[in-house]
Each structure stands twice: as C-alpha cells, then as structure tokens.
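For reference, the chains in residue letters:
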Amino acid sequence: MGILVAVLWAVFFLNLATGHLLTGHLAIEPRRVRGLDGILFAPLLHGGVPHLVSNTLPLLVLGFLAFLDGIRRFAVALGTSWFVSGLGVWILGGGLTIGASGVVFGLFTYLIARGFYNRNVLQILVAGVVFLAYGSILWGVLPVVGSNISWQAHLFGALGGVVAALILRKRPAPFRADRLSR
C-alpha cells in the first residue's frame, strides 16, 4: 500500500507539473467512450492536496489490513473495488470523476463483509474496529446536492468491496463419505 500511495503522490505532482493535463485525459467521463480509460486511471488522480491527503491515511490503514489476508486476496479486493467503482461512475456518474475514494470505500466494506462471509471471529472483530474507526464514511454514499464529491464512486466502490468479500469467501470443506465411518 505504501508503494500505491507513493504512486498516487508522484502522479499528483506530475499532473500538477503538466497543468492537470492528465486529469483532462484520464478522468472518468460518464457514458463517453473516451472516458472508459478513466475506470483504470481515475483513482490515481486527485484534484488537490486536501483530496489526496483525505485518501492517503485510509488507503494505508485499510490496505494494510486487507493485505494481511495475503497478496492474492488483497489484489482481488483492491481490483474489484477499483473496477466496480469506476464502472459504476462511468454508467451513472454526473461529471468528470477522479480520486481513490471509491477504492477506500471498497476496502472498507471488504473488511467489514469478509468476516461475516467467512464466519471468522477474528475478522469480525477487525470489522468492528474498522467500523468504529471509519464507519462515518458511509454517509459518503448519499448524494449531496451542489457537492463536487462523487457519491457514485463511493457507493459503487462499497459495492465492489462486498462483491470482493463474496468472491473470496472461504468455501466449506467438501463432503466426504469416508469421514462418516470414523
């Protein structure tokens, strides 16, 4: 996660140095073919230092906690949150959209949902701590009139996190008849 956050800051300074040229070309532009590449690149772009700072700490904390499950599970949770958030914004968004907050919401809901899908007490305890620390972000899935914040990115990122938890849920061991004879 530290590497991803470093990339976000490097892209921010590169975008700043180019007069926000990257934003003009790589943001999600809803329902436009030319905006499809934004699904991949928009989470790397931020509109200012406060925007990037507001995503940095939650990405580090939530990403670290998701990474504890292993790199494959982390990659699926991150990728699913990233993609579902971007696709949802592309389909239902209201304007040019950038930022990693959809990924933050995805990692948040992944950490909340995975323990319940897995029926794992430790993961449920982590979910409780994560909810206590970051639960107030859930207000961000609601539309705010006149706001420049993409509630769609938040909502679909959160949905992506739940989808990732469902995809990664632990499957029960298959039934084996030879176990009955013991």
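Residue positions are given per chain, counted from 1 along the sequence in the order it is written. For a predicted model such as this one, the threshold for reporting local features is a pLDDT of at least 70, and the threshold for listing and counting side-chain atom pairs is 80 or more; totals across whole chains, interfaces and linings nevertheless cover every residue. Side-chain figures throughout are based on the complete set of non-hydrogen atoms in the structure, without hydrogens or water.

**Q** Residue-level account of the packing of aromatic side chains, with values.
**A** Aromatic ring pairs are defined here through the distance separating the ring centres and the angle between the ring planes. Stacked, tilted and edge-to-face pairs are distinguished by plane angle, under 30 degrees for stacked and over 60 for edge-to-face with tilted covering the rest, among Phe, Tyr and Trp rings (Trp via its six-membered ring) whose centres lie within 6.5 Å. One pass over the full model with this rule turns up four aromatic pairs. Seen from their ring centres, Trp 9 and Phe 13 are 6.0 Å apart, and the 35 degrees between their planes marks the pair as tilted. Here the residue Trp 9 and the residue Phe 13 both occupy positions in helix H1 (residues 2-17), the gap between them amounting to four residues, near one helical turn. Residue class for Phe 13 comes out partly exposed when judged on its relative accessible area of 48%. With a centroid separation of 5.3 Å and an interplanar angle of 70 degrees, the aromatic rings of Phe 12 and Phe 13 are classed as edge-to-face. Working definition: with a 1.4 Å probe on protein chains only, accessible area under 20% of the residue-type maximum means buried, over 50% means exposed, and in between means partly exposed. A residue is classified by how much of its surface remains accessible, and Phe 12, at 6% relative accessible area, is buried. Connected via pairs of aromatic rings, a cluster forms that spans Trp 9, Phe 12 and Phe 13. Numbering of helices and strands runs from the N terminus, with a helix taken as a DSSP run of H or I at least four residues long and a strand as a DSSP run of E at least two residues long.

**Q** Quick rundown of empty space enclosed by the protein? Include the residues and the values.
**A** Grid points spaced at 1 Å over the protein atoms alone were grouped into cavities, where a 1.4 Å probe fits but cannot get out, and pockets, open sets with protein on both sides within 12 Å along at least five of seven lines, with lining residues defined by an atom within 4 Å of a point. Grid points are joined across faces, edges and corners, and a volume is the space filled by probe spheres set on the points. In total, this model carries one cavity of 30 Å³ or more according to the counting rule given. Of the pockets and cavities examined, the largest cavity occupies roughly 80 Å³. Around the largest cavity, the lining is made up of 14 residues, and of these Ile 28, Pro 43, Ser 85, Gly 99 and Ala 153 lie nearest the centre. Of all the elements in the fold, those that place two or more residues in the lining of the largest cavity are helix H5 (71-92) and helix H6 (101-118). The element that contributes the greatest number of residues to the lining of the largest cavity is H5, accounting for four residues. Here the term charged refers only to Asp, Glu, Lys and Arg, the term nonpolar to Ala, Val, Leu, Ile, Met, Phe, Trp, Tyr, Cys and Pro, and the term polar to all other amino acids, Gly among them. A per-class count over the lining of the largest cavity returns eight nonpolar, six polar and no charged.

**Q** Which residues make up H6, and what are the values?
**A** Its 18 residues give H6 an end-to-end C-alpha distance of 26 Å, which sits within 8% of 26 Å, the value for a rise of 1.5 Å per residue. Roughly 25 degrees is the biggest bend found in H6, and it falls at Ile 112. Most of H6 sits inside the fold, with 15 of its 18 residues counted as buried. Positive phi appears at Arg 119, one or two residues downstream of H6, with a value of about 55 degrees. The span expected for a helix works out to 1.5 Å for each residue beyond the first. In this analysis the local bend is the angle between axes fitted, respectively, to the seven residues ending at and the seven residues starting at the residue.

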